[in-house]
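Spelled out from the first residue to the last, the chains are:
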Amino acid sequence: MKNRLSGNIETAWKNIQKEVEESNVILISSEKTLVFKFAMELAKLYNCEDIVIDFEVQLYEEIDGSDKYLDLLVYELKKPNEKYAIEFKAPMKSASGNSNQTDTRKKIYKDIARLAYLKEKKENICNGYFLMITNEKAYFKSSNNRDNTHDTANEVEANLERFKKDYSLENDYNFQFIWENINENPIKGKFAWLKYIKV
């Protein structure tokens, strides 16, 4: 049975997708905007009560790498021992060109592995969610003309095997990239939305 916070995280993700896609203006210009918009929607589902939302929490201090901060940590006031870690990605094509797609794909897998690390190693973190949008079809379109070590194409089944040693993961993690708001290869609206990946 899904608990209330887990259900509200998933509902908030659906709600902002609907709001952004039905709006006459693009409401998301960066990853930080996405994180903030999601946090506001989640708070709204709780009438801004009974929920703790913490941005940029330093939880990765024991892992190699320069980025030591989790995007969002959330929990209900009555359940401080059931915290949820959330990571976001929002690579955007801009007037100056595409995002660094090969590097970003690796960071996507790394974020999911870091969520698995938190779930296994940090007390009180019971689950993690990875949430992503993009306006670049290269993230959800399959191709044989690139390095597919960290493939994010639609319906690709993936795992964290190559990260198990670096993050001392004890369990196996399998997940699938399911992209919404796409029609074959083009994006139907403003963004392609990744169906949440729950760790």
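Residues numbered from 1 in each chain as written. Predicted model: local features only at pLDDT ≥ 70, side-chain atom pairs only at ≥ 80, totals over all residues. Heavy atoms only, no water.

Engineer: Explain the side chain of Asn127 to me, and be specific about the residues and the numbers.
Structural biologist: With respect to the helices, strands and loops of the structure, Asn127 is situated in strand E4 (residues 125-134). Among the polar contacts listed, one links the side chain of Asn127 to the side chain of Lys119, at a separation of 3.4 Å. Excluding its chain neighbours within four sequence positions, the residues that come into contact with Asn127 are Lys83, Tyr84, Ala85, Lys119, Lys198 and Val199. (Helix = DSSP H or I, 4+ residues; strand = E, 2+ residues; numbered from the N terminus. Polar contact = N/O pair within 3.5 Å; in protein donor to acceptor, adjacent residues only side chain to side chain. Contact = heavy atoms within 4.5 Å.)

Engineer: Summarise the nonpolar core; cite the residues concerned and give the values.
Structural biologist: Generally speaking, nonpolar side chains in soluble globular proteins are found buried as a group. Counting residues in hydrophobic clusters, the biggest one holds 36 residues, and the most contacted among them are Ile112, Leu160, Phe177 and Trp179. Ranked by residues supplied to this core, first place goes to helix H3 (residues 101-121) with eight residues. Setting aside residues no more than four positions away along its own chain, Ile112 makes contact with Phe130, Leu160, Phe175, Phe177, Ile197 and Val199. Formed by 26 residues, the second largest nonpolar core is a distinct cluster that contains Val74, Tyr84, Ala90 and Leu131. (Core = buried A, V, L, I, M, F, W, Y, C linked by side-chain atoms within 4.5 Å. Buried < 20%, exposed > 50% of the residue type's maximum accessible area, 1.4 Å probe, protein only.)

Engineer: So, empty space enclosed by the protein: which residues are in play, and what are the values?
Structural biologist: A probe matching the size of a water molecule, rolled over the atoms, marks out where space remains unfilled. Applying the stated criterion across every chain, the model contains one cavity of 30 Å³ or more. Its volume calculated, the largest cavity comes out at about 40 Å³. Along the walls of the largest cavity sit Asn3, Leu5, Glu76, Lys79, Glu82 and Tyr84, which together make up its complete lining. Tallied by class, the residues present in the lining of the largest cavity amount to two nonpolar, one polar and three charged. (1 Å grid on protein atoms, 1.4 Å probe; cavity = no way out; pocket = protein on both sides within 12 Å on 5 of 7 lines; lining within 4 Å. Points joined across faces, edges and corners; volume = space filled by probe spheres on them. Nonpolar A, V, L, I, M, F, W, Y, C, P; charged D, E, K, R; others polar.)

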